[in-house]
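Below are the chains, spelled out letter by letter.
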Amino acid sequence: MDFAAFLVTQCLNALSQAALLFFLGVGLTLIFGIMRIVNFAHGAFFMLGAYVGYSSVAIAGNFWAALVLSPLLVGGFGIAFELGVLRLLYRRDHSAFLMVTFGLTLIMGEAIRLIWGVNALEVRAPPALSGIVFILDEPFPLYRLFLAAAGIVVAVAIWQFLERTRLGLLIRATSQNAEMVHALGTDVRLVRSAVFGIGCGLAGIGGVLAAPLVTASLAMAPTAVIDTFVIVIIGGMGSFLGSALGALLVAFVQVFGTYYFPDLALALMYLVMVMVLVIRPGGLLGKEA
Amino acid sequence: MATSVTRRAAMRASLVAVAAPAVLRHARGEAPIKIGMPLALTGPAAEIGEQMRHGAEFWAKTVNAKGGLLGRPIELHVEDTTGDPATCVRKAQLVVERDGCHLLFGMVLSSEALAVVPKLAEWNAIFVSSDNGDGRLTGSSFVPNFFRANISGPMETRVISLWLRRGEMKNFYAIGMDYAWGHNSIDVFKDEVAKAKKNFVGAVFSPIGTKDFSTYITKIRQAGADACFIVMQGADNNAFLSQAREYRLADKVQLVTSIVDLNSIHAVGDAALGLAGSTRYVFTIDNLANKAFVEAWRKEYGTEPDVFEGEQWQACQILQAGIEKAQSTDTDKLRAALETAAVDSIKGKAAIRACDHQAVQGGYMVKVVKKEGFKTPIPEIIAAYPGDEITPACRQMTFES
């Protein structure tokens, strides 16, 4: 493998990895921006996405169906949870959210264990994407190219949604000054429900897309939630662009860092986080704390 | 295929196994043979704990349906240890003192078994291991009340080493999970490669919980080895195999793994194809006892028995042979009987040796292939080694040559 091929394939690896991280990070950051709560259950929604994806593939026999159904169902579940539980807690202290969302993680983990069992489950990439392409004579999986493309498409879509649509406008306004938006006659509670649902739905897409790479398993939630926090902290809590930047930075550092310093693989992500926090305590694009 | 595990389900299941069929009614009044089974039923080792429970329950049910052992019904007392050694000792003590079990199965992790064995004398209890791999249990940490019915870790590695001596592969690379097990196994492997007069070209370790293996796969490809030895389990193993398939790694490099089990094959499907490895038990072993066992198992569970289900079944056979020989469950009599217990079981001959209580038994090398009549790939035996070739000298963990 010559150096050019190495460089190109590693960059593509990093981009596909960044896409998965972005699906997680952007949801968490949107939720934080609007609700000022840290959703501890984000990893569990990601895991639920993978399991719902598994069942959708099993029932509909089609990965694309899973890609549509999973975010809808996971997002729907998120909205139901917001309406049924979180809504009762907005007047309370922030620690109530931490406790409740952490509790939800445990409950979802056990529920998934009861419904789908303890064994990891195979989710196959669709046949059209399970091939390889040769990039500078090196085989590269089509599915990873698809992931990178999906990340870019969704990022642009969310950006346009926030900038161009009325709901996007309301979301941005609510994140800046919820009371003012409320005073102007918009039901902020609905905006919150919508954002929580969208955030969870994005985690659900991430879960389906990650499943062919890691299988659907109970181990998905705990590691995902930590990665997500790191990305959001690096990018800046509540910043949409920040979460995209954080995902890219972490993915590139991870992919190249692991290659040159395999012994540091576990620490790399946190080293980046510490460096960013020393230079910009609010994250790359966050408001200064 | 989804089976749920909750503490309550575990308790209930242990009672199901006890429910005596009609044949047993005459035996009412006979004291049951109580066996304590502290198992990791939640936590990362739950998959294995679940298999061991199945294996033991199936045996208890089979024996009870025939009127029990020495006319006494088998009674299993299952407890969840979560895979934590301290909890495991507590739960083992509980089944001994509260339930009056002086026979123990279970202890999924070697760390749990190592914590329990020093207590066996005090509890006057015998523990028959069905899956603990750590060589020390029949070596430096040996106690007289411990018996290992299963293949040990050093024996598993020996099987792979004997296999690769024969093969044409010359250069070896290795990838392992970055903790004690990964490092130890790769050290042993490196040593075996050297003894086989072949080249070990390098190794890389991935942190536990790694999800993206693309960089590691790049490193393996660049190493230019003929084969890569994999020491991974659980979610990491599944992720690695799925991604190795994405990059068509197996086209270039023979993947050799320390563990081949049905659970991970089911989890990754075709990504497991071509994988070679040693296995402790596989349902494709060709002998009459195994055929009958697999048939009965299919009838009961609608699927093939997995590695630890088979291993547990063999451990049960060995305990049964000991109890029948001793005509008693008294600890001293049973210990003496078990020291020479031998069975012709699902893996062929397995005989406990008195010097370190290890069951000497054959080892199998398998390759994962597609077979007519099976939805997912299955392990096919490609080499078998007799017990005396793969069992280390008494109380030893390594091999002379």
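Counting its secondary structure elements, chain A contains 11 helices and 2 strands. Listing each helix as α and each strand as β along chain A from the N terminus yields α-α-α-α-β-β-α-α-α-α-α-α-α. Whereas a compact globule of 289 residues would reach a radius of gyration of roughly 19 Å, chain A reaches 19 Å, a difference of no more than 12%. Taking the principal axes of its C-alpha atoms as reference, chain A extends roughly 60 × 50 × 35 Å. Every one of the 289 residues in chain A was classed for burial, and the buried ones make up 55%. If you take every contact in chain A between residues at least 6 apart in sequence, the share linking residues at least 24 apart comes to 75%. Just so you have it, chain A exposes about 12500 Å², and 72% of that area is on carbon and sulfur atoms.

On the side of chain A, 39 residues touch chain B, which itself brings 39 residues to the contact. Both faces combined, the contact of chain B with chain A buries some 3200 Å², and carbon together with sulfur accounts for 53% of it. Together, Lys211(B), Glu246(B) and Tyr247(B) form the three largest contributors to the area buried by chain B at its contact with chain A, with a combined 17%. Counting every contact that joins chain B to chain A gives 5 salt bridges. Of the charged contacts, one joins Asp212(B) and Arg144(A) as a salt bridge, the two residues approaching to 2.8 Å between their closest N and O atoms. Our count for the contact surface shared by chain B and chain A stands at 16 residue pairs in polar contact (both at pLDDT 80 or more). Counting residues per element, the ones that place at least two in the side of chain B that touches chain A are α2 (46–65), β7 (199–206), α8 (214–223), α9 (234–246) and α11 (262–268) of chain B.

We now examine the domain arrangement of chain B. Residue and element names in this part refer to chain B. Split into domains, chain B comes out as domain 1 (7–151 + 286–361) and domain 2 (154–279 + 364–390). Inter-centroid distance (C-alpha atoms) of domain 1 to domain 2 is 29 Å. Taken together, the contact between domain 1 and domain 2 spans 15 residues of the former and 14 residues of the latter. For the pair domain 1 and domain 2, the summed buried area comes to about 1100 Å², and 62% of that belongs to carbon and sulfur atoms.

Residues and elements named next belong to chain B. Here we have 3 strands laid out as an open sheet, ordered β11-β12-β13, and antiparallel in their pairing. Strand pairing shows two members of the sheet lacking a second neighbour, β11 (342–345) and β13 (359–361), which therefore form its edges. Averaged over all adjacent pairs, the angle separating strand axes in this sheet is 20°, with direction ignored.

Attention now moves to helix α8 (residues 188–214) of chain A. Residue pairs three or four apart in sequence face the same way in an α-helix, which turns once every 3.6 residues. All names here are of chain A. An ideal rise of 1.5 Å per residue puts 39 Å on 27 residues; α8 measures up with 38 Å between its terminal C-alpha atoms. Counting buried positions over the 27 residues of α8 gives 23, a clear majority of the element. For α8, the side-chain oxygen to backbone nitrogen distance between the N-cap and Arg-189 is 3.1 Å, and the N-cap itself is Asp-187. Two residues or fewer after α8 comes Thr-215, characterised by a positive phi angle close to 65°.

Considering all chains together, one arrives at 36 aromatic pairs over all chains under this definition. Ring geometry for Phe189(B) against Phe200(B): centres 6.3 Å apart, planes inclined by 65°, an arrangement best described as edge-to-face. Of this pair, Phe189(B) sits in helix α7 (residues 180–195) while Phe200(B) sits in strand β7, and the two are 11 residues apart along the sequence. Owing to a relative accessible area of 23%, Phe200(B) belongs among the partly exposed residues under this scheme. An aromatic cluster is present here, built from Phe3(A), Phe6(A), Phe252(A), Phe256(A), Tyr259(A) and Tyr260(A) joined pairwise through their rings. Sitting over the ring of Phe399(B), Arg158(B) keeps its end group 4.2 Å from the ring centre. Taking the ring centre of Tyr259(A) as reference, the NZ or CZ of Lys219(B) above it sits at 4.3 Å.

As a further point, take the nonpolar core. Counting 163 residues, the largest nonpolar core has Leu209(A) and Phe240(B) as the members making the most contacts within it. Per-element tally for this core: the top contributor is α8(A), with 14 residues. Here this core spans two domains, since at least three of its residues come from each of domain 1 (7–151 + 286–361) and domain 2 (154–279 + 364–390) of chain B. Other than its neighbours up to four places away in sequence, Leu209(A) contacts Leu20(A), Phe23(A), Phe63(A), Leu67(A), Tyr143(A), Phe146(A) and Leu147(A). Ranked by size, the runner-up nonpolar core spans 24 residues in total, among them Val159(B), Ile186(B), Ala227(B) and Ala383(B).

Once that is clear, we can look at the sheet that holds β7(B). All names here are of chain B. The mixed open sheet is built from 7 strands, whose spatial order is β7-β6-β8-β9-β10-β14-β15. Lying at the two open borders of the sheet, with one neighbouring strand each, are β7 and β15 (378–385). Each strand of the sheet is rotated relative to its neighbour by a mean of 25°, with strand direction disregarded. Examined bridge by bridge, strand β14 (residues 363–369) and β15 share 7 bridges and lie antiparallel to one another. Considered in β15, the bridge of Tyr-364 is made with Ala-384. The strands touched by α7 are β6 (171–177), β7 and β8 (227–231); relative to β7, the strand with the most contacts, the crossing angle is about 175°.

Let's shift gears to the packing of helix α5 (residues 142–164) of chain A against α8(A). All names here are of chain A. Contact geometry for α5 and α8: axes closest at 11 Å, N-to-C directions at 170°. Overall, the two elements α5 and α8 adopt an arrangement that is roughly antiparallel. Contacts from Tyr-143, Arg-144, Phe-146, Leu-147, Val-154, Ile-158 and Phe-161 in α5 reach Ile-198, Leu-202, Val-208, Leu-209, Pro-212 and Leu-213 in α8.

Now for the pattern of salt bridges. Pairs can form between side chains of opposite charge whenever their charged atoms are close. All names here are of chain B. According to the stated counting rule, one finds 30 salt bridges over all chains in the structure shown. One salt bridge in this structure joins Lys-91 and Glu-79, with 3.8 Å as the shortest N-O distance. Highlighted residues: Lys-91 in helix α3 (residues 85–97) and Glu-79 in strand β2 (residues 74–80), separated in sequence by 12 residues. By relative accessible area, which is 9% here, Glu-79 ends up buried. The closest approach of N and O atoms between Arg-165 and Glu-192, which form a salt bridge, is 3.3 Å. Of this pair, Arg-165 sits in helix α6 (residues 153–166) while Glu-192 sits in helix α7, and the two are 27 residues apart along the sequence. Exposure remark for Arg-165: the relative accessible area of 31% places this residue in the partly exposed category. In this structure Glu-192 comes out as buried when scored by relative accessible area, which is 5%. A cluster of three or more residues bridged by salt bridges with shared partners is formed by Arg-158, Arg-165, Asp-191, Glu-192 and Lys-195.

On to the packing of helix α2 (residues 42–60) of chain A against helix α4 (residues 94–116) of chain A, then. Residues and elements named next belong to chain A. Where α2 contacts α4, the two axes come as close as 10 Å, and the packing angle between them is 20°. As far as their axial angle goes, α4 and α2 are roughly parallel. For the pair α2 and α4, the crossing hand works out as left-handed. Counting all contacts with α2, which are made through Ala-44, Phe-45, Met-47, Leu-48, Tyr-51, Val-52, Tyr-54 and Ser-55, the residues of α4 involved are Leu-104, Thr-105, Met-108, Gly-109, Ile-112 and Trp-116. Here the residues of the contact of α2 with α4 are counted per class, giving 11 nonpolar, 3 polar and no charged.

Conventions we followed
Residues numbered from 1 in each chain as written. Chains lettered and ligands numbered in written order. Predicted model: local features only at pLDDT ≥ 70, side-chain atom pairs only at ≥ 80, totals over all residues. Heavy atoms only, no water. Helix = DSSP H or I, 4+ residues; strand = E, 2+ residues; numbered from the N terminus. Rg over C-alpha atoms; globule rule 2.2 N^0.38 Å. Buried < 20%, exposed > 50% of the residue type's maximum accessible area, 1.4 Å probe, protein only. Contact = heavy atoms within 4.5 Å. Areas by Shrake-Rupley, 256 points an atom, 1.4 Å probe, with all protein chains shown as cover. Buried area = accessible area lost by both parts, 1.4 Å probe. Salt bridge = Lys/Arg side-chain N within 4 Å of Asp/Glu carboxyl O. Polar contact = N/O pair within 3.5 Å; in protein donor to acceptor, adjacent residues only side chain to side chain. Domains from an automatic or database assignment. Pairing = 2+ DSSP bridges. Axes fitted to C-alpha atoms, helices over the stretch in contact; angles between N-to-C directions. Expected span 1.5 Å × (residues − 1). Phe/Tyr/Trp six-rings, centres within 6.5 Å; stacked < 30°, edge-to-face > 60°. Lys NZ or Arg CZ within 6 Å of the ring centre and 35° of its normal. Core = buried A, V, L, I, M, F, W, Y, C linked by side-chain atoms within 4.5 Å. Parallel < 35°, antiparallel > 145°, perpendicular 65-115°, else oblique. Left-handed = near helix turned anticlockwise from the far one by under 90°. Nonpolar A, V, L, I, M, F, W, Y, C, P; charged D, E, K, R; others polar.

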